[in-house]
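The residues making up each chain are set out below.
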Amino acid sequence: MPDTLTNTAASAPGMRDAAANGPLLRVEDLKVHFPVMKGVVIQKQVATVKAVDGVSFAVDRGETLGLVGESGCGKSTTGLAILRMLKPTAGRIVFEGEDIAGHDKARMRKVRRRMQMVYQDPYGSLDPRMSVGDIVGEPLVVHGLAGDRRKYRERVAELIRMVGLLPDMAERYPHEFSGGQRQRIGIARALALNPGLIICDEPVSALDVSIQAQVVNLFMELQERLGLTYLFIAHDLSVVRHISNRIAVMYLGRIVEIATRDQLYREPLHPYTQALLAAVPIPDPALEATRPQQIISGEVPSALRPPPGCRFHPRCPHAMDKCRTEDPPLRDLGSGRAVACHLHA
Amino acid sequence: MASVADTAVVTASPRRHGAFVRFVIRLFREKPLGAAGAVIFVLFLFCGLFADVLAPYGMNQISPLNRLKPPSWQHPFGTDNLGRDMFSRCLYGAQLSVIIGFCAAGLATIISVVLGILTGYLGGKFDLVAQRFVDAWMSFPDLIILIVVVSVLGPGMPQIIGTLALLFGIAGSRIIRSAVVSVRENMYVHAAQSTGASTFRILWRHILPNVMPPVIVLFTTRVGVVILVESGLSFLGLGVPPPAPTWGGMLSGAGRTFMYQGPWLALAPGLCLTVVVYATNMFGDALRDLLDPRMRGSR
């Protein structure tokens, strides 16, 4: 069964060859805007929420790109737009060499086989009325790969084993499992179709800290074994540091900095990244007490009315006149690093 | 020795029997009240289906010498003002109630589910327009619609079943819709959408099973309500025409007129109605709880 699945996945040779050299996923100037409507019968657009406003990044095969930022910065929206669960307002989403931003439902169905999602809430993301086996096997059924019942059952058992659960558990229902086990079931479901890309939307933030490590390690093991590519959305910087190769930091619908993990943690360039990293607690009270405090003041401005110029300037300790008027572009600094800040022009 | 063998059989039985038997065992163990409801419900069905065989007298068999006789061995529920056996008439009444109750409640539930799931899941303009139509429909008094239908088509069972099904079906769609709206927002629906599952599959495999609890309750309560409404209609002369022994007709016709001379005329059909409606409700509640896999933990 796994062989047939990989074969079918590779059976679109034209697209795959063209994409073999480039990154698996390239997002170019992605915008997701939501209109704010007023009125019940006659609706009028009164404003626009620019949840994602010009995001560009690329994810290479086999790597993990961490996408971090405060809640409301648009990181989940970005993930949903890539999956085309939300309609992108503008921009290109090039997946395996194919721009899927304008795909209709039928064409998107084929692409869905190649990208899957793992959800934040391990309780809400599994249908309580379906057995674990049915949940894990659903993507196979949906894509017509469940014809041979015996092979189908073997594949489901294999998937369940792959995430560290016992194949007998296929008969049971989600409510009989703990949060961590449920998240494993969600991962097994995401693996069912042998996808190229898995979008992980805060997959561990709903779990206990002790379980988080197990699940993160499972993600990493699976990546090594199956050559998976992850877009890992999270707000927990230590989790992202553990799993990511590269990290993109988002603020108010924009990416403010992209760097490799080591670069970013050693020498954050954007003031927002610096503030974020400074806010990560150190598990040592003595060190924690002596380290310099860098607290950014104020709240994240509303995505309804983002500030002019640099979006971070009202809260930035280094804000200059230029920052108030001129929006800094994401500037490539070489060696895989890019930052959107006038300080690093 | 015998006792050892007995316990062994009892502990092994759930494995050996089929799913239905296991379900019945659970019903009796976990929901005694629901089980009682189920027994009455089955008895009611049985009476309805085999009324022709069970009834000692014909439904309209008149015996002028035995008018208004109190309950006796010959006539367990007494006789009415025309000397008809009340026990037989109650059995035939069960037959009519089974037919009307199940057909109308079943059709109504199907209408509610289809309409509720479509408007709730698809949402948007379709939901807006369809639900305003439901609003308009519900703002008509039920009785007026029934009177119009009966006066145009004449009184009779098919038109009563059809009208009641439409009335309750459209009104009930609101309940299903609200359940669907909350189920639709669950991430497992989102997960199915993002794997590329068809709308039909999502509705059939995810939405419908998760709105089954209200559907079951809707159906069982509707059976009771339909039987009651039919009684009310018979009282107004809009129901199944008089010689037919409907519980409602008996209750409001002879039962009311001769209440003082023969209280059994009102008590017999009244008790039948009460017990059957109560039993369907209890059974429905038990079904709803037992069919939920989340409740299966308590073994």
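Computed from a predicted structure; not experimentally measured. (Residues numbered from 1 in each chain as written. Chains lettered and ligands numbered in written order. Predicted model: local features only at pLDDT ≥ 70, side-chain atom pairs only at ≥ 80, totals over all residues. Heavy atoms only, no water.)

(A) Local environment of the overall build of chain A. From N to C terminus, chain A includes 13 helices and 12 strands. In terms of overall size, chain A behaves like a compact globule, its C-alpha atoms giving a radius of gyration of 21 Å where 345 residues would be expected to give roughly 20 Å. A burial count over chain A gives 51% of its 345 residues as buried. Considering only residue pairs separated by 6 or more positions, chain A has 64% of its internal contacts joining residues 24 or more positions apart. Counting only carbon and sulfur atoms, one obtains 52% of the accessible surface of chain A, whose full area is about 15,700 Å². (Helix = DSSP H or I, 4+ residues; strand = E, 2+ residues; numbered from the N terminus. Rg over C-alpha atoms; globule rule 2.2 N^0.38 Å. Buried < 20%, exposed > 50% of the residue type's maximum accessible area, 1.4 Å probe, protein only. Contact = heavy atoms within 4.5 Å. Areas by Shrake-Rupley, 256 points an atom, 1.4 Å probe, with all protein chains shown as cover.)

(B) Spotlight on a nonpolar patch on the surface. Residues and elements named next belong to chain B. Residues Phe46, Leu49, Phe50, Val53 and Leu54 make up a contiguous nonpolar surface patch of roughly 500 Å² in combined accessible area. Sorting the residues of the nonpolar patch by element identifies α3 (32-49) and α4 (51-54) as the ones contributing at least two each. On the secondary structure map, Val53 appears in helix α4. (Patch = residues over 30% accessible without salt bridge, like charges linked within 9 Å, V, L, I, M, F, W, Y side chains within 5 Å. Salt bridge = Lys/Arg side-chain N within 4 Å of Asp/Glu carboxyl O.)

(C) Representation of the pattern of salt bridges in the model. Evaluation of the coordinates by the stated rule reveals 26 salt bridges over all chains. In this structure, the salt-bridge partner of Glu154(A) is Arg150(A), at a minimum N-O distance of 2.8 Å. Residue Glu154(A) and its partner Arg150(A) are both found in helix α6 (residues 149-162); the two are separated by 4 residues, about one turn of the helix. Judged by relative accessible area, Glu154(A) falls into the partly exposed class, the value being 44%. Note that Asp135(B) and Arg174(B) form a salt bridge whose closest N and O atoms lie 2.7 Å from each other. With a gap of 39 residues between them, Asp135(B) in helix α6 (residues 124-139) and Arg174(B) in helix α8 (residues 157-184) connect regions that are remote in the sequence.

(D) View of the side chain of Glu202(A). Residue and element names in this part refer to chain A. Relative to the helices and strands, Glu202 resides in the loop between β7 (197-201) and α8 (209-226). We classify Glu202 as buried; its relative accessible area is 7%. Within the structure, the side chain of Glu202 is placed 3.1 Å from the side chain of Ser205, a separation counted as a polar contact. Ignoring anything within four residues of it in the chain, the contact list for Glu202 reads Lys75, Gln120, Ile233, Ala234 and His235. (Polar contact = N/O pair within 3.5 Å; in protein donor to acceptor, adjacent residues only side chain to side chain.)

(E) Summary view of the sheet that holds strand β9 (residues 246-251) of chain A. All names here are of chain A. Taken in spatial order, the 8 strands make up an open sheet running β6-β7-β8-β3-β9-β10-β12-β11, and their pairing is mixed. This sheet does not close on itself; its edge strands, each paired only once, are β6 (115-118) and β11 (331-334). The average angle at which neighbouring strand axes cross in this sheet is 20°, direction not considered. Relative to strand β8 (residues 229-234), β7 is paired through 5 bridges, and the arrangement is parallel. Counterpart to Leu197 in the pairing with β8 is Thr229. Sheet strands in contact with helix α3 (residues 75-82) are β3 (64-68), β6, β7, β8 and β9, and its direction is about 145° off that of β8. (Pairing = 2+ DSSP bridges. Axes fitted to C-alpha atoms, helices over the stretch in contact; angles between N-to-C directions.)

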